[in-house]
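# A structural walkthrough
If you want the building blocks of each chain, they are given just below.
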Amino acid sequence: MSQYLHKNTMAEMRALTSSEIASVLDNTYVGVMLHGYYAYGDTPAAITYYKSSTTLTDDQGSVIVINPSLKLEHRFSICDVAYYGLQTDTNSEMVADRNTLVINNALKIAPKVVITQPGKYWCRGNRGGEGGSYYRYEDPSGKVWWQVGDGNGSPGGINMLSNRTFEMGDGVTLKMRGTFMDAYNFITIWNKENVTIRGGTIIGDWDIDPTLNEHKRPDGTNDGGQWGYGISLQGSKNVLIENVDISKMWGDSVNLSPDYLHSYAVNSDIVMRNVKCHHSRRQGMSIDGGARLSFYNCRFTDITWTTEPDLPFCGVDLERDTSYAVVQLKDVLFFDCKFLNNYIGARTAYKPEDIISVKFDNCVFDSNTSHDYDSYTANGVLLTNCRFSYVEGRAKSIELLGTQGHLFEKCKFGNMVRVVEDPRVVTPIRKSKNIQFESCENLDVRFPGGAFGHLEFYNSIDIKVQNCKFEAKVLREEKKLIFADGVENLQILNTTAREMGHVFEVKNISGFLFNNNVVINSLTATGILEGNVEYFELCDNTISGNSYYVTNAFAPAFMLWGAGSAYGRISDNVIYKDPIFTTVGAYGGQGSGLYREYTSASDNVVVANNKTYGFTNANAFQFNAGSTNLSVSYLNQEADTTYKGIVNQSVAISTISTANATDASTTQALVNELKAKINTLITDQKTAGQIKV
């Protein structure tokens, strides 16, 4: 006789005869060997059950209660949910409830739970309504089974426990049965640690196509809201989610939030790798606080705008959603991630006082219809080696609103970058502050959707563009590389600009440095100071082909134009007049040379040690009659090294005139004399607080 009693199905094992029960109880049989759940061979392998004195209740897989005197138990270290009778490809209330129940039961008894058989498994994910926060299953014998939430506020769905791995094989899909509720979690990880979810596809109940949307009652209505999540994490740590595809949720594919109901602990040490979050209604992923959150090679895509109000439609939204005074979001890394085909690719929205450190490294932003990235008042974000692709018809690629502490490093831009104040706060104005662009480039600058400039800065403080490179392939005379209004301390340093209408136009500025740059072929003037510029430096620049389409065209390298006044320094620039490339149609500008003032007047301007090549117009620079306190030294070095000093101005404190500058030695002596005057003037300006560097 076999030492095991053999049964083909779970139903057969539950129906043991009284003599078979007695044979197990008296050890005639060591146990029962089960060869299938619903049919012979439908489980990965036969398993054995032994009589047990466990206090655990019948869970339909590991513990089976035959009668009051006999419990059978199989202890799993790795449990395939097929041993619990998981059913595939059936969308019914009974099957969805039971599938959810047995997955949870398996997670209670085994450190690792797997689903290996390909198929679509319908499950429940709601927090109320049909099934409540529990799952009801009535088996064929008429017995009713209940699965209750774990006490964390009706978490619903599949509830992960600590120290558990849930793994789905190739071709395995968990499909959520439709609900009408405002909130649900398909998979919940709340206040847990050491959790892994790996593999599989998870599909919610919502679809942008109304004919496929299941998030509704039979009459087509639902309870509104936006809080249906594929995977919800709250207050958990040491969690790994990898190789999972999550889509079509009422809210977010993934949501990371603090433990709102208990200690307000944030998630920490969370890793997502090769995860796809897409086609959900609100976001691909939302993050409200956390520490050491890392995302590698993830894709956040196809979160598209609809006419529904108050939904952000972001691939990823890092946004505070609490009333706590300070929220921590520390050591967050997105590496090699893609943000594609969303309304907004990624957003950071925190208060300036929040403790933020977020890094996007080697990420791609493409085909996002509104913005690739925007930020509301967040402070502490680094974007390095990122690519922001051009989208036809979209004005802005990046918009920072009242934002602080952002560094764009080695990034490639497509559409416009705009930095402004926070429009939500009128008094006092919440300005953007400390925004830097280091070693960035755009080699095909374009101006779609009514964009005025490629880099636009308004009501901001401490903006720096350094070691960057910009080039346009189609010249637009009215377009600027940089437009700034109401900025304190704007610096453009060591940057190359090529084929621009203007390189910059600035006004209402306190502190503007345009130094050590290379400008090639500006269509009109390289730079326009549009009045009210408290201090500027235009120094050590090399400018060639200004007004390049025709020799002797009428646009100076720099000009002061419009209402207001300015003071500052123009020194050590080298200006080449001759065009570099094939000429195009002439532009009807005015003036020529290094610098010219139009309706504006300057006060305390130092012009020194500049060199120009190829000017045939006699006016190297021109000042408005209302300008005062000028100190001018102009050095014109022709190709044959003959020096000529040319000054044409209405008011000047210098004693130099064109008659004095007759030869190289005389001119050089006068230049040296003026250097002393320039230094004295600068010292006086600094003492008076007029020069701000």
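Residues numbered from 1 in each chain as written. Predicted model: local features only at pLDDT ≥ 70, side-chain atom pairs only at ≥ 80, totals over all residues. Heavy atoms only, no water.

It is worth spelling out the overall build of the protein chain at this point. Of regular secondary structure, the protein chain possesses 4 helices and 60 strands. Considering only contacts within the protein chain whose residues lie at least 6 apart along the sequence, 73% involve residues at least 24 apart. Surface summary for the protein chain: the accessible area is close to 26,400 Å², and the carbon and sulfur share equals 49%. (Helix = DSSP H or I, 4+ residues; strand = E, 2+ residues; numbered from the N terminus. Contact = heavy atoms within 4.5 Å. Areas by Shrake-Rupley, 256 points an atom, 1.4 Å probe, with all protein chains shown as cover.)

Let's shift gears to the sheet that holds strand 5 (residues 70–73). Across the sheet, which stays open at both edges, the 5 strands sit in the order 1-2-3-5-4 with mixed pairing between neighbours. The open sheet has two edge strands, strand 1 (4–7) and strand 4 (63–67), and neither has a second partner. Adjacent strand axes in the sheet meet at a mean angle of 30 degrees, parallel and antiparallel pairs treated alike. The strands touched by helix 2 (residues 18–25) are strand 1, strand 2 (31–34), strand 3 (47–52), strand 4 and strand 5; relative to strand 5, the strand with the most contacts, the crossing angle is about 70 degrees. (Pairing = 2+ DSSP bridges. Axes fitted to C-alpha atoms, helices over the stretch in contact; angles between N-to-C directions.)

Let us now look at helix 3 (residues 93–109). Between the first and last C-alpha of helix 3 there are 25 Å, a value that for 17 residues agrees with the 24 Å anticipated at 1.5 Å per step. Among the 17 residues of helix 3, 13 are classified as buried, and the element is accordingly described as predominantly covered. (Expected span 1.5 Å × (residues − 1). Buried < 20%, exposed > 50% of the residue type's maximum accessible area, 1.4 Å probe, protein only.)

Here we come to the sheet that holds strand 19 (residues 245–247). The strand order across the open sheet formed by 9 strands is 8-13-16-19-22-25-28-31-34, and the pairing between neighbours is parallel. Two strands lie at the open edges of the sheet, namely strand 8 (119–123) and strand 34 (387–388), each paired on one side alone. As defined by bridge partners, strand 25 (residues 299–301) adjoins strand 28 (residues 338–340) across 3 bridges and the pair is classed as parallel. The residue of strand 28 that forms the bridge with Arg299 is Lys338. Contacting strand 8 and strand 13 (172–176), helix 3 crosses the sheet at an angle of about 95 degrees to strand 8.

Before going further, it helps to spend a moment on the pairing of strand 18 (residues 237–242). Sheet topology note: the strand 15 (residues 193–198)/strand 18 ladder contains 5 bridges and is parallel. In the sheet register, Ile197 faces strand 18, and the bridge partner there is Ile241.

Here the focus is the environment of Asn521. Here Asn521 lies in the loop between strand 48 (518–520) and strand 49 (527–529). The exposure class assigned to Asn521 is buried, which follows from its relative accessible area of 0%. Separated by 22 residues in sequence, Asn521 and Ile543 have C-alpha atoms that sit 8.0 Å apart.

Among the nonpolar cores identified, the biggest contains 135 residues, and Phe334, Phe360, Phe457 and Phe512 are the most heavily contacted of them. Listed in part, the 6 residues of the second largest apolar core include Ala349, Tyr376, Tyr458 and Phe483. (Core = buried A, V, L, I, M, F, W, Y, C linked by side-chain atoms within 4.5 Å.)

Let us look at the pattern of salt bridges. Within this structure, the stated rule accounts for 28 salt bridges. The closest approach of N and O atoms between Glu499 and Arg498, which form a salt bridge, is 3.1 Å. Using a relative accessible area of 9% as the deciding quantity, one classes Glu499 as buried. A relative accessible area of 24% means that Arg498 is categorised as partly exposed. Salt bridges linked by common partners bring Lys112, Glu167, Arg198, Glu242 and Arg273 together as one network. (Salt bridge = Lys/Arg side-chain N within 4 Å of Asp/Glu carboxyl O.)

The next subject is the confidence of the model for the protein chain. Residue-level pLDDT values for the protein chain average 82, and 75% of them are 70 or greater. Here residues 128–139 is a poorly scored stretch, pLDDT under 50, and it has 43 contacts once near neighbours within four places are set aside; other chains count. In this model residues 548–553 is a low-confidence stretch, pLDDT under 50, and it forms 25 contacts with partners more than four residues away in sequence or in other chains. (pLDDT = per-residue confidence, 0-100.)

For the rest of this paragraph, the subject is the environment of Val275. Note on placement: Val275 falls in the loop between strand 21 (268–273) and strand 22 (276–278). Separated by 22 residues in sequence, Val275 and Asn297 place their C-alpha atoms 7.4 Å apart. When neighbours within four sequence positions are excluded, Val275 is seen to be in contact with Ile241, Glu242, Asn243, Val244, Ile246, Asn297, Cys298 and Arg299.

Okay, the pairing of strand 20 (residues 252–257) next. Counting buried positions over the 6 residues of strand 20 gives 6, a clear majority of the element. Of the pairings in the sheet, the one linking strand 17 (residues 227–234) to strand 20 comprises 5 bridges and is parallel in character. Bridge pairing in strand 20 places Ile231 opposite Val254. Taken together, the 4 bridges between strand 20 and strand 23 (residues 283–287) define a ladder with parallel strand orientation. If you follow Leu256 over to strand 23, its bridge partner there is Ile287.

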